[in-house]
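As a plain string of letters, each chain reads:
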Amino acid sequence: MVQQEPAGAPGLAEGEAAAGTAVEVRLSRRRWAVVLLFSSYSLCNAFQWIQYGSINNVFAHFYGVSDFAIDWLSMCYMVTYIPLLFPVAWLLDKRGLRPIALAGSALNALGAWVKLGSLKPQLFPVTVLGQVICSMAQVFILGMPSRIASVWFSSHEVSTACSFAVFGNQLGIALGFLVPPVLVPNLKDVEKLAYHIRIMFFMTAGVATALFILVVIVFKEKPLHPPSRAQALIQSRTTEEYSYVQSIRRLLRNANFLLLMVTYGLNVGCFYALSTLLNRMVIHHYPGEEVNAGRIGLTIILSGMVGALISGIWLDRTKTYKQTTLVVYIMALVGMIAYTFTLSLGHLWVVFVTAGALGFFMTGYLPLGFEFAAELTYPESEGTSSGLLNVSAQIFGIAFTISQGQIMYHFGTKAGNLFLCSFLFLGTIMTAFIKADLRRQQANLDNEQMVSLFQSKQCYDSVAVARRRLTLGCELPEDAELPLCRPHTSHGNAVPLAVYCFCVTVGFPLSLPNGGAIPQRR
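Bear in mind the structure is a predicted one, so any value in this text is a computation, not a measurement. (Residues numbered from 1 in each chain as written. Predicted model: local features only at pLDDT ≥ 70, side-chain atom pairs only at ≥ 80, totals over all residues. Heavy atoms only, no water.)

Draft legend 1. Highlighting the overall build of the protein. Secondary structure summary: the protein contains 20 helices and two strands in total. Relative to its full complement of 522 residues, the protein shows a buried share of 57%. Look at the contacts in the protein between residues 6 or more apart in sequence, and 82% of them connect residues 24 or more apart. (Helix = DSSP H or I, 4+ residues; strand = E, 2+ residues; numbered from the N terminus. Buried < 20%, exposed > 50% of the residue type's maximum accessible area, 1.4 Å probe, protein only. Contact = heavy atoms within 4.5 Å.)

Draft legend 2. The arrangement of the environment of Asp189 in detail. With respect to the element layout, Asp189 can be found in the loop between α7 (158–183) and α8 (190–218). Overall, the relative accessible area of 37% leaves Asp189 in the partly exposed class. For Asp189 and Phe62, which are 127 residues apart along the polypeptide, the C-alpha to C-alpha distance reads 9.0 Å.

Draft legend 3. A look at the packing of aromatic side chains. Counted under the stated rule, the structure contains 19 aromatic pairs. Relative to Tyr365, the ring of Tyr329 lies with its centre 5.2 Å away and its plane at 75 degrees, an arrangement referred to as edge-to-face. Remark: Tyr365 occurs in helix α15 (residues 365–377) and Tyr329 occurs in helix α13 (residues 321–342); sequence separation between them is 36 residues. The buried category is assigned to Tyr329, whose relative accessible area is 0%. Residues Phe396 and Phe400 carry aromatic rings whose centres are separated by 5.7 Å and whose planes lie at 40 degrees to one another, so their mutual orientation is tilted. With Phe396 and Phe400 both in helix α16 (residues 382–411) and four residues apart, the pair spans about one turn of that helix. A connected cluster of aromatic rings, assembled from ring pairs, spans Tyr52, Phe59, Phe62, Tyr63, Phe124 and Phe201. (Phe/Tyr/Trp six-rings, centres within 6.5 Å; stacked < 30°, edge-to-face > 60°.)

Draft legend 4. Inspection of the confidence of the model for the protein at higher detail. The share of residues in the protein with pLDDT of 70 or more is 77%, and the mean pLDDT across the chain is 79. Mean pLDDT across the elements of the protein ranges from a minimum in strand β1 (residues 3–4), with 41, to a maximum in helix α5 (residues 124–139), with 94. Note on residues 1–21: pLDDT under 50 across the span, and 57 contacts to partners over four residues away in sequence or across chains. The low-confidence segment residues 504–522, where pLDDT is below 50, has 40 contacts with residues more than four positions distant or belonging to other chains. (pLDDT = per-residue confidence, 0-100.)

Draft legend 5. Up close: the pattern of salt bridges. Under the counting rule described, the total for this entry stands at one salt bridge. Note that Asp71 and Arg280 form a salt bridge whose closest N and O atoms lie 2.4 Å from each other. Pair noted here: Asp71 is in helix α3 (residues 67–95) and Arg280 is in helix α11 (residues 255–285), with a separation of 209 residues, a long-range link. Take Asp71: its relative accessible area is 2%, and that puts it in the buried class. (Salt bridge = Lys/Arg side-chain N within 4 Å of Asp/Glu carboxyl O.)

Draft legend 6. Highlighting α15. Across its 13 residues, α15 extends 18 Å between first and last C-alpha, which sits within 8% of the 18 Å expected from 1.5 Å per residue. Among the 13 residues in α15, 13 count as buried, and that is most of the element. (Expected span 1.5 Å × (residues − 1).)

Draft legend 7. Highlighting the nonpolar core. Core analysis: the biggest nonpolar cluster contains 132 residues, and Phe59, Met144, Ile148, Phe219, Met336, Tyr339 and Met362 have the highest contact counts within it. If one sorts the elements of this core by residue count, α11 sits on top with 15 residues. Dropping the residues within four chain positions of it, Tyr339 is found in contact with Leu274, Leu278, Met281, Val351, Thr354, Ala355, Leu358 and Asn417. (Core = buried A, V, L, I, M, F, W, Y, C linked by side-chain atoms within 4.5 Å.)

Draft legend 8. The arrangement of the environment of Phe271 in detail. Mapping Phe271 onto the fold places it in helix α11. Taking the C-alpha atoms as reference, Phe271 lies 9.9 Å from Ile300; in sequence the two are 29 residues apart. Non-local contacts of Phe271, meaning those with residues more than four positions away in its chain, are made with Gln170, Ile173, Ile301, Met362 and Thr363.

Draft legend 9. Structural view of a nonpolar patch on the surface. A surface patch of nonpolar side chains, amounting to about 300 Å² of accessible area, comprises Val327, Ile330, Met331 and Val334. Examined against the element boundaries, Val327 turns out to sit in helix α13. (Patch = residues over 30% accessible without salt bridge, like charges linked within 9 Å, V, L, I, M, F, W, Y side chains within 5 Å. Areas by Shrake-Rupley, 256 points an atom, 1.4 Å probe, with all protein chains shown as cover.)

Draft legend 10. A look at the environment of Arg250. Relative to the assigned elements, Arg250 resides in helix α10 (residues 244–252). Remark: the alpha-carbon pair of Arg250 and Glu380, spanning 130 residues in sequence, is separated by 8.5 Å.

Draft legend 11. Looking closely at the side chain of Asn279. With respect to the helices, strands and loops of the structure, Asn279 is situated in helix α11. Apart from residues no more than four positions distant in its own chain, Asn279 is found in contact with Gly53, Ser54, Ile55, Asn56, Asn57, Glu290 and Ala293.

Draft legend 12. A look at the packing of helix α6 (residues 145–152) against α7. Running from N to C, α6 and α7 cross one another at 140 degrees; their axes reach a closest spacing of 8 Å. Considered as vectors, α6 and α7 are oriented oblique to each other. The interaxial crossing formed by α6 with α7 has right-handed handedness. Mapping the contact onto sequence places Pro145, Ser146, Ala149 and Ser150 in α6 and Val158, Ala161, Cys162, Ala165 and Val166 in α7. Considered class by class, the residues forming the contact of α6 with α7 number seven nonpolar, two polar and no charged. (Axes fitted to C-alpha atoms, helices over the stretch in contact; angles between N-to-C directions. Parallel < 35°, antiparallel > 145°, perpendicular 65-115°, else oblique. Left-handed = near helix turned anticlockwise from the far one by under 90°. Nonpolar A, V, L, I, M, F, W, Y, C, P; charged D, E, K, R; others polar.)

Draft legend 13. Quick look at the state of the cysteines. With the rule as written, the count across this model stands at zero disulfides. Here Cys134 stays free of any disulfide, with the sulfur of Cys44 as its closest cysteine sulfur at 7.7 Å. On the accessibility criterion, Cys134 (0% relative accessible area) is buried. Between Cys421, a cysteine without a disulfide, and Cys270, which holds the nearest cysteine sulfur, the sulfur-to-sulfur distance is 8.1 Å. Owing to a relative accessible area of 7%, Cys421 belongs among the buried residues under this scheme. (Disulfide = S-S within 2.5 Å.)

Structure representation (structure tokens):
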């Protein structure tokens, strides 16, 4: 079933009449298959990120290394992302979605197979190599959700679609907390332990390979028709008009985006530290509860997925990006404080409740950050803005994980969690100073209003007013019918006279060929 939005003129940007007023805007039914497939291989990659950390003590015993060495198997995802972001974001802008999807799913499968060669205690370097390859795949994944949402979904679906795209990553982390403690029990016999680890690694490699094959078959670059007028305007831009370096410079001069980049990094960095160190926290207060530690992590992620879905639907309905982001940030801080002071009470069910409340807001914030960034930075590439957000998150994630781990070692888990609370408080204050400059929504709104005006009698009545205000020497016959007189843009695209008259009436500058001369008659 192909749904179609009302046809009309795309937006006009910076004094230039948008090309392609006849471009058909449609929704493709393939869009849900694309976002589902992306979510699936993102799930597999996220599972591999946390599969070591969720049973930190088990892998530390198997390989004969320290807990901190196992922590680095999670942190290598963050370290790898930082230097590779800009090359991958450049490739995303220059080559598009499909090559990035192929590279991400292929590296994810390759890393999973490499890990199968690390099933002996002395082969810890091999498992590090496999994890590093998977961490490279993550670079090709994290910047995709908002880009897929914009390229494949309408303006009324982008926030929900972005939430679904982020879901895969969150569900993968949830399974990474749940499955490893079940498949790999805490055994003293190394041979039996190797058998259970082999089962987990084989299952992961098989799923990753199947997903790569599906990406090759199903994942397409973009739909035949743009899904929104804002996307139609972006697609009409020629390659020469876009500079990746200039785009980054513009983003780094955008004060609202810089504030969001820091606050996003603080929130997600806290989440990364909490996820990596969760097993150690729970085992410290509840010895022998590896399975429940995983279930607490599962609770955090599943509740966060619900929060992300609700937030996405709420944003699509209300467009209240600033208010929603601020409220979610405040509640994440409240949830972190509650979790901090209930972890040591001795009642696991209380920890489950407070961890679920924390996850609902902290992990529910992730798609909010992506979509708010896309709004603040339109028409810049969503891949670039998302990438910068993720770089901030990785930097803070590394710093928070190392710092909290050391604080926990010397002062206990409560001090470590209060350390995270202090930075969430700082992020809340900074979020309040972000201005809601919703550029993408304004572009869609302007186009909808213009299309509505063109279809109304007022637009045709404006011809008389426009004739009196013409200053460029364009002679219009009194009895001319509107479709017959068609000035052209600087790109040579015909513009209906109604569009031209409206632009002149409201004072909008229309760029014309031949130094501003308008064809006088047809």
